[in-house]
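Structure at a glance
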Amino acid sequence: AQTVTQSQPEMSVQEAETVTLSCTYDTSESDYYLFWYKQPPSRQMILVIRQEAYKQQNATENRFSVNFQKAAKSFSLKISDSQLGDAAMYFCAYILVGSARQLTFGSGTQLTVLP
Amino acid sequence: DTEVTQTPKHLVMGMTNKKSLKCEQHMGHRAMYWYKQKAKKPPELMFVYSYEKLSINESVPSRFSPECPNSSLLNLHLHALQPEDSALYLCASSLTGSEQYFGPGTRLTVT
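Heads up: these notes are all about the structure in this document.

Quick notes on the rules
- Residues numbered from 1 in each chain as written.
- Chains lettered and ligands numbered in written order.
- Predicted model: local features only at pLDDT ≥ 70, side-chain atom pairs only at ≥ 80, totals over all residues.
- Heavy atoms only, no water.
- Helix = DSSP H or I, 4+ residues; strand = E, 2+ residues; numbered from the N terminus.
- Rg over C-alpha atoms; globule rule 2.2 N^0.38 Å.
- Buried < 20%, exposed > 50% of the residue type's maximum accessible area, 1.4 Å probe, protein only.
- Areas by Shrake-Rupley, 256 points an atom, 1.4 Å probe, with all protein chains shown as cover.
- Lys, Arg positive; Asp, Glu negative; His and termini not counted.
- Charge placed at Lys NZ, Arg CZ, Asp CG, Glu CD.
- Pairing = 2+ DSSP bridges.
- Axes fitted to C-alpha atoms, helices over the stretch in contact; angles between N-to-C directions.
- Contact = heavy atoms within 4.5 Å.
- Buried area = accessible area lost by both parts, 1.4 Å probe.
- Salt bridge = Lys/Arg side-chain N within 4 Å of Asp/Glu carboxyl O.
- Polar contact = N/O pair within 3.5 Å; in protein donor to acceptor, adjacent residues only side chain to side chain.
- Nonpolar A, V, L, I, M, F, W, Y, C, P; charged D, E, K, R; others polar.
- Phe/Tyr/Trp six-rings, centres within 6.5 Å; stacked < 30°, edge-to-face > 60°.

1. A short note on the overall build of chain B
Check the secondary structure of chain B and you find 0 helices and 11 strands. Traced from its N-terminal end to its C-terminal end, chain B shows the element sequence β-β-β-β-β-β-β-β-β-β-β. At 13 Å, chain B has a C-alpha radius of gyration in line with the 13 Å of a compact globule built from 111 residues. In chain B, which comprises 111 residues, the proportion classed as buried is 50%. Surface accessibility of chain B: about 5300 Å² in total, with carbon and sulfur atoms responsible for 50%. The distance from the centre of the 12 positive side-chain charges to the centre of the 10 negative ones in chain B is 7 Å.

Given below as structure tokens:
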């Protein structure tokens, strides 16, 4: 069975600074996707960034980037130039390649952005 | 457009009531999902529909009854719920089975 672990229940960052959220996962499969989702207080789950396991290049979306270490099964999210609107619960998630598969979520990291 | 809509936003129901949650997407996605989420916890998968057929049922009690009338619409029928069923109910859809796009959720309170 696949598992996703987020070891930081809470993190805080000063506005305009950089923060890194950690995620590790366990799988015996080789073909999968990894995601970071953001859930602000409004409770809408928003896709932040996606990484295909077969790609060596780390995904980047504006101020958000990942450090994907496939051998170490590590998938961290770096948020640069943090903004107040980045405050949210962040979930790391894993899914096997294929249709209508189940997302496996980590337990989440609550990020606070300090003005 | 990556929009999934859900209605209602909030729902309060008694334990003897029958109500339904509705989810809609017009992105041409052929997989749709129902999740239940408690506060400060990750979403828990309830049901998956693939090409309008139920493909995964995660041992959900029969008081929850899903329905997929067409490729754009997903319903969750609720009957005789318990207070512990109070939660945020999220709908999601996906095209290729990779990223799932979530709706804003229905916050359900069972009294």
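2. Observations concerning the sheet that holds strand β1 (residues 4-7) of chain B
Residue and element names in this part refer to chain B. Pairing in this open sheet of 4 strands is antiparallel, and the strands run β1-β3-β8-β7 from one edge to the other. The open sheet has two free edges, formed respectively by β1 and β7 (64-70), since each of these has just one partner strand. Across the sheet, the mean angle separating the axes of adjacent strands is 20° when strand polarity is ignored. Pairing geometry for β7 and strand β8 (residues 73-79), over 5 bridges, is antiparallel. In the sheet register, Pro-66 faces β8, and the bridge partner there is Leu-76.

3. Concerning the interface of chain A and chain B
Contacts between the two partners involve 22 residues from chain A, matched on the other side by 28 residues from chain B. In this assembly, chain A packs against chain B so that about 1800 Å² is buried in total across both faces, 56% of it on carbon and sulfur atoms. Where chain A packs against chain B, one counts 1 salt bridge. Where Arg-50 of chain A meets Glu-99 of chain B, a salt bridge forms, and the shortest distance between an N and an O atom there is 2.2 Å. Our count for the contact surface shared by chain A and chain B stands at 7 residue pairs in polar contact (both at pLDDT 80 or more). Among the secondary structure elements, those contributing two or more residues to the side of chain A that touches chain B are β5 (32-39), β6 (46-52) and β10 (88-96) of chain A. In terms of residue class, the side of chain A that touches chain B is made up of 12 nonpolar, 7 polar and 3 charged.

4. What to know about the packing of aromatic side chains
Under the defined criterion, the tally for this structure stands at 15 aromatic pairs over all chains. Aromatic side chains Tyr-37 of chain A and Phe-102 of chain B sit 5.4 Å apart centroid to centroid with 85° between the ring planes, which places their arrangement in the edge-to-face category. Taken together, the residues Tyr-37 of chain A in strand β5 and Phe-102 of chain B in strand β10 (residues 101-102) connect one chain to another. With respect to class, Tyr-37 of chain A is no different from Phe-102 of chain B; both count as buried. Judged by centre distance (6.3 Å) and plane angle (80°), the ring pair of Phe-68 of chain A and Phe-75 of chain A falls under edge-to-face. With relative accessibility at 0%, the residue Phe-75 of chain A sits in the buried group. By way of ring pairs, the aromatic residues Tyr-33, Phe-35, Tyr-37, Phe-91 and Phe-105 of chain A together with Tyr-33, Tyr-35 and Phe-102 of chain B are connected into one cluster.

5. Digging into the pairing of β6 of chain A
Residues and elements named next belong to chain A. In the sheet, β5 pairs with β6 via 6 bridges, with the strands oriented antiparallel. Residue pairing across strands places Leu-34 opposite Gln-51, the latter belonging to β6. Between the end of β5 and the start of β6, which pair antiparallel, lie 6 residues, with Arg-43 showing a positive phi angle near 80°.

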